[in-house]
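Descriptive structure summary
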Amino acid sequence: MSSSVQRKRIRKDPAARRAEIVAAAAAVALAEGLECVTLRRIAEELAVRPGLISHYFPSAEDLVAEAFGSAATGELDRLLPAERAAPTHTGQLARFLARTSGEEYDAISRLWINARHLSRYRPVLRDRVAQQEAAWRARLQGLIEGGVAAGEFVTDDPLTVAVQLLVLLDGLGVHANTATPERPAAVLRMPRTTAERELGLRPGTLDEAAG
């Protein structure tokens, strides 16, 4: 007679299980790319049967889109929290721009490059990319509008400034997948230089505010 003890299966609340699946898929997306997000792979990550994953996500395309959305939202909340994480709007903007470089930010840059490429062929992902672009744009625009209202920033068009900064960050992020030689400090400062110019801030203000 076998002496092995059968492992007790733990039943989770459906919302908790779905969140667990999405979190695992987002982690794989950030570390290895959206192409690696498959029903079988996420099942392996969670040590469950693929059928359980397909119960929540009948289509792998839906899981890929959800993985991207979760990862992108998580990074947005970390980099630019909806609740201000600095005493002033200037400090909040400086905090955001100071965190948009380096190896940690390269991971989210790669994910955006990956998602935008794949979205050419995947309508569900394309919609999610558009939603995330709108969310990042609105969050940054809201910060700038708050700064204008507080008398910290001067601009008649917060939306355009927000788009300018995001485009610059996207441009610098493209190099995350390449062995590009060290870029000049002036290039790396372009988002801060642009923000200072467009928002009526004295040159160097954002460097000082970032501490």
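It should be emphasised that the depicted structure is a prediction, and the values quoted were computed from it without experimental measurement.

Conventions adopted
Residues numbered from 1 in each chain as written. Predicted model: local features only at pLDDT ≥ 70, side-chain atom pairs only at ≥ 80, totals over all residues. Heavy atoms only, no water. Helix = DSSP H or I, 4+ residues; strand = E, 2+ residues; numbered from the N terminus. Buried < 20%, exposed > 50% of the residue type's maximum accessible area, 1.4 Å probe, protein only. Axes fitted to C-alpha atoms, helices over the stretch in contact; angles between N-to-C directions. Parallel < 35°, antiparallel > 145°, perpendicular 65-115°, else oblique. Left-handed = near helix turned anticlockwise from the far one by under 90°. Contact = heavy atoms within 4.5 Å. Nonpolar A, V, L, I, M, F, W, Y, C, P; charged D, E, K, R; others polar. Salt bridge = Lys/Arg side-chain N within 4 Å of Asp/Glu carboxyl O. Core = buried A, V, L, I, M, F, W, Y, C linked by side-chain atoms within 4.5 Å.

A tally of regular secondary structure across the chain gives 11 helices and zero strands. For the chain, the succession of helices and strands along the chain, N to C, is α-α-α-α-α-α-α-α-α-α-α. Projected onto the principal axes, the alpha-carbon positions of the chain cover approximately 80 × 35 × 35 Å. The burial tally for the chain puts 39% of its 211 residues in the buried class.

Remark: helix α7 (residues 123-149) packs on helix α8 (residues 158-173), axes separated minimally by 8 Å, with the N-to-C direction vectors making an angle of 125°. One finds that α7 runs oblique with respect to α8. α7 and α8 meet at a crossing whose hand is right-handed. Of the residues in α8, those in contact with Trp136, Arg137, Leu140, Gln141, Ile144 and Glu145 of α7 are Pro158, Leu159, Val161, Ala162, Val163, Leu165 and Leu166. Here the residues of the contact of α7 with α8 are counted per class, giving 10 nonpolar, one polar and two charged.

Moving on to helix α5 (residues 89-98). Here α5 lies mainly inside the structure; nine of its 10 residues are buried. When α5 is considered as a whole, its buried residues turn out to be His89, Thr90, Gly91, Gln92, Leu93, Ala94, Arg95, Phe96 and Leu97. Close packing links the buried residues of α5 with α4 (60-79), α7, α8, α10 (190-198) and α11 (205-210).

Further remarks concern the pattern of salt bridges. Applying the stated criterion to the full structure yields 15 salt bridges. One salt bridge connects Arg18 with Glu66, and the closest N-O pair in it is separated by 3.7 Å. With Arg18 in helix α1 (residues 14-32) and Glu66 in helix α4, the pair connects residues that are 48 residues apart, well separated along the chain. Residues Glu32 and Arg41 are paired through a salt bridge, measuring 2.7 Å at the closest nitrogen-oxygen approach. Residue class for Glu32 comes out partly exposed when judged on its relative accessible area of 43%.

It is worth spelling out the nonpolar core at this point. Judged by nonpolar contacts, the single largest core of 49 residues is most densely connected at Leu34, Val37, Ile42, Leu63, Phe68, Leu93 and Leu140. For this core, the elements supplying multiple residues, two or more each, are α1, α2 (39-46), α4, α5, α6 (103-118), α7 and α8. Broken down by element, the residue count for this core peaks at eight residues, all from α4. Filtering out sequence-adjacent residues up to four positions away, Ile42 remains in contact with Ile21, Ala24, Ala25, Val28, Val37, Ile53 and Leu63.

Honestly, that's just the spatial picture; any functional story needs more than this.
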